[in-house]
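Coordinates in review
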Amino acid sequence: MAQVAARLAGGFLTPIDIDALREVIRTTLPTISLGELEPIKGLPGMVRAAVGTLDKAWRADIDLSTIKHPRLQALAALESEVLQRLPPR
């Protein structure tokens, strides 16, 4: 079903593979500063929480870069770095 939705929405685009997203987030978290979220980025479950949060934001079509809350700015920084590191779709 996700493939059908992707085709309808964007032609030949494919949805982001959750396993690839999880791995990119796992390798990205130690390399960036998350501001207010910095103290929790190494905790167990952070990768899973970040995957879920980004996935939900993308599905809701939320542009994290336009929101000026410190926590959402941290997520926007993570999103930006993750999108650069994901394989092309």
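Here we summarise the structure given alongside this text. (Residues numbered from 1 in each chain as written. Predicted model: local features only at pLDDT ≥ 70, side-chain atom pairs only at ≥ 80, totals over all residues. Heavy atoms only, no water.)

Moving on, we get to the environment of K41. Within the secondary structure, K41 sits in the loop between helix 2 (18-28) and helix 3 (46-59). For K41, a relative accessible area of 15% translates into the label buried. Taking the C-alpha atoms as reference points, K41 and P30, eleven residues apart in sequence, are found 7.8 Å from one another. Ignoring sequence-local partners within four residues, the contact set of K41 consists of L29, P30, I32, L34 and M46. A distance of 3.0 Å separates the side chain of K41 from the backbone oxygen of L29, its partner in a polar contact. Looking at K41, its side chain comes within polar contact range of the main-chain oxygen of I32, at 2.4 Å. (Helix = DSSP H or I, 4+ residues; strand = E, 2+ residues; numbered from the N terminus. Buried < 20%, exposed > 50% of the residue type's maximum accessible area, 1.4 Å probe, protein only. Contact = heavy atoms within 4.5 Å. Polar contact = N/O pair within 3.5 Å; in protein donor to acceptor, adjacent residues only side chain to side chain.)

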